[in-house]
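# Remarks on the overall topology
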Amino acid sequence: MRADFTSSLVVFLVAVPLCVGVAVASGVPAELGLVTGVVGGLLTGLLPGSSLQVSGPAAGLTVLVYEAVQEYGLGALGALVLAAGLLQLTMGALRLGRWFRAISVAVVQGMLAGIGLVLIAGQLYALADAPAPGSGLANLGGLPNLAVATAGSGRSLTALAVGAGTIVVLVLWPRLRRAARVLPAPLVAVALATVAVFVLDLPVARVEVQGLLEAVQPPSAAAFGRLVEPVMLAGTIGTVLAFTLIASAESLFSAAAVDRLHEGPRTHYDKELMAQGAGNAVCGMLGSLPMTAVIVRSAANVQAGARTKASRVLHGVWLLVFAAAFPAALGVVPLAALAGVLIHAGCKLIPLKEFGPLWRKHRGEAVVLATTAVAIVATNMFEGVLLGLLMAIAKSAWETSHVHLEIVGSEGTAERAGTEDDAAASPPAPAPSGATALSATALSAVPGTAVSAGSSGASGAAGAAGAAEASGDGLADGGARRTIRVRAVGHATFLRLPKLLDQLEALPRDREIELDLSGLRHLDHACAAALGSWAEQRRSTAEGAGKGDRTADADEADEAAPFGGDGGTGGAERTDDRHRR
């Protein structure tokens, strides 16, 4: 219990500047950040799920909350958070928590990177006590004008110095390991900045204090009614889904990371999702910020020696005492210092160190990560994450749809056609016609295809095999022609269909082709239909060529009949007859 008590104080000191900073950056009163921290400690901390994970307002939702407040108003924030909490409870009851582990890590990292970029771009304005233009792209585009305006303003330069000093302390303080174990870097940085501003009486903006009871605004019936209006309904659903999915994913990924830091009980993902949902439902009823599990506080909790969930519950108690007894203490905190804390947190969200190795080893994952981040900056959180998920699914489908052709008989040896050039490597033989046979396992599993396994499949394969045996190991007409056996191996999907058809169409048109699909682990309907169509077309071409050959043979026989003899003498007699004529 002593270790839990000590660790709860450490987590409390870490949580205070983060709760206030996230609230201010989200465009809501600073007290609401403390309210969410209190709920995360007292309610979510008591519920089962993860024993050492600490919940509260997180930088990962700052951008989304700010956009929601700007679009729907502060009064509607509670309704949105309440709906997200109820949806999380439903998902946990349906045991969907474990499925969040199936989300691509590249999408999650890209989401956090995009959040970090937008957060940094927005807080750079707060660092200079200047208003931000608005969206992510607007904030990035206005940075040159911000630099010019800051250089010409003494007040802005003063605020910039305070914020920059805060960032320097955040970077250097952890290197003093003994001191960092006692006092966390965010608290030290904000405290030093506050003291400097107070002592020097610097002209910088400070946190506005309303009071805890005044800041709490439960959602009204009018707020719910406004959100479900037909004009607003689509946007409301998108925002609620974004709150739910991002908060759930961040919490459960954080739980997996925290489990790797300690040897205690492992996280039960469905119960943790329900605990997060219960916390968000209460936060929504209080009109407060949404909560997630926060890796910074959770890691501080574990590193401080916490053993049970009592540490996170006690941290909620300390937050409640601070918010109730010392709310005026927030009024002396400079906004530039909080902006420095959030810029530092935003930089940690961007996986710069991981991107290089990821690009070298898994380039597709790196592309998904970068695309998700850029899409979030260019559009919004929900659309960016959705685009990242679609790209991850497309990449997985492409990578799992490998298929190649093993060709036997084109040159008397086996060859593997992985490209179009391999498939077309053998020159055409001068034989008159060719037919295509599908193995019995070719298309029988897929209904509605152009070729059925019963007729052209099994019989065709048997016919091709019989012809090969009769002609001596596949040879016919004195060894000039031989059956080409093509075996498809892998996963045949519509994504690989163009190259697969190019390889098949590049095979000699005057040779018998036996196509065996028994080596395919998956054959989708599009590929089955296309292969059936290709086989029918090749069979029709072969039958047409065979009729033409038989007609030509019959005409030649009729012409040779009056002269008799074998081919050689008949030719000589016809020549003499022409001379006589």
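What counts and what doesn't
Residues numbered from 1 in each chain as written. Predicted model: local features only at pLDDT ≥ 70, side-chain atom pairs only at ≥ 80, totals over all residues. Heavy atoms only, no water. Phe/Tyr/Trp six-rings, centres within 6.5 Å; stacked < 30°, edge-to-face > 60°. Helix = DSSP H or I, 4+ residues; strand = E, 2+ residues; numbered from the N terminus. Buried < 20%, exposed > 50% of the residue type's maximum accessible area, 1.4 Å probe, protein only. Lys NZ or Arg CZ within 6 Å of the ring centre and 35° of its normal. Patch = residues over 30% accessible without salt bridge, like charges linked within 9 Å, V, L, I, M, F, W, Y side chains within 5 Å. Areas by Shrake-Rupley, 256 points an atom, 1.4 Å probe, with all protein chains shown as cover. Salt bridge = Lys/Arg side-chain N within 4 Å of Asp/Glu carboxyl O. Core = buried A, V, L, I, M, F, W, Y, C linked by side-chain atoms within 4.5 Å. Contact = heavy atoms within 4.5 Å. Axes fitted to C-alpha atoms, helices over the stretch in contact; angles between N-to-C directions. Parallel < 35°, antiparallel > 145°, perpendicular 65-115°, else oblique. Left-handed = near helix turned anticlockwise from the far one by under 90°.

## Brief notes about the packing of aromatic side chains
Geometrically, a pair of aromatic rings is defined through the distance of the ring centres and the angle of the planes. For the structure shown, the criterion picks out three aromatic pairs. With a centroid separation of 6.2 Å and an interplanar angle of 65°, the aromatic rings of Phe12 and Phe322 are classed as edge-to-face. With Phe12 in helix α1 (residues 2-25) and Phe322 in helix α16 (residues 310-325), this pair connects stretches of sequence that are 310 residues apart. For Phe12, a relative accessible area of 14% puts it in the buried group. Against the face of Trp398 rests Arg496, its NZ or CZ located 3.7 Å from the ring centre.

## Looking at a nonpolar patch on the surface
Side chains of Val228, Leu233, Ile237, Leu241, Leu245, Phe382, Leu386, Leu390 and Ile393 sit close together on the surface and give an oily, nonpolar patch of about 770 Å² of accessible area. Those elements giving two or more residues to the nonpolar patch turn out to be α13 (230-259) and α20 (381-400). Locating Ile237 in the fold gives a position in helix α13.

## Things to note about the nonpolar core
Counting 38 residues, the largest nonpolar core has Leu77, Met111, Phe243 and Met381 as the members making the most contacts within it. Those elements giving two or more residues to this core turn out to be α1, α2 (30-44), α3 (62-72), α4 (74-93), α5 (105-127), α13, α19 (363-378) and α20. Beyond its immediate chain neighbours, meaning those up to four positions away, Leu77 contacts Val28, Val65, Val69, Phe243, Ser288 and Leu289. Val20, Trp173, Phe322 and Leu338 belong to the second-largest nonpolar core, a separate cluster that totals 26 residues.

## Considerations on the packing of α3 against α13
At a minimum axis distance of 11 Å, the contact between α3 and α13 shows a crossing angle of 160°. As judged from the angle between their axes, α3 and α13 are roughly antiparallel. The two elements α3 and α13 cross, and the hand of that crossing is left-handed. Residue-level inspection shows Leu64, Val65, Ala68 and Tyr72 of α3 in contact with α13, the latter providing Met232, Gly235, Thr236, Thr239, Ala242, Phe243 and Ile246.

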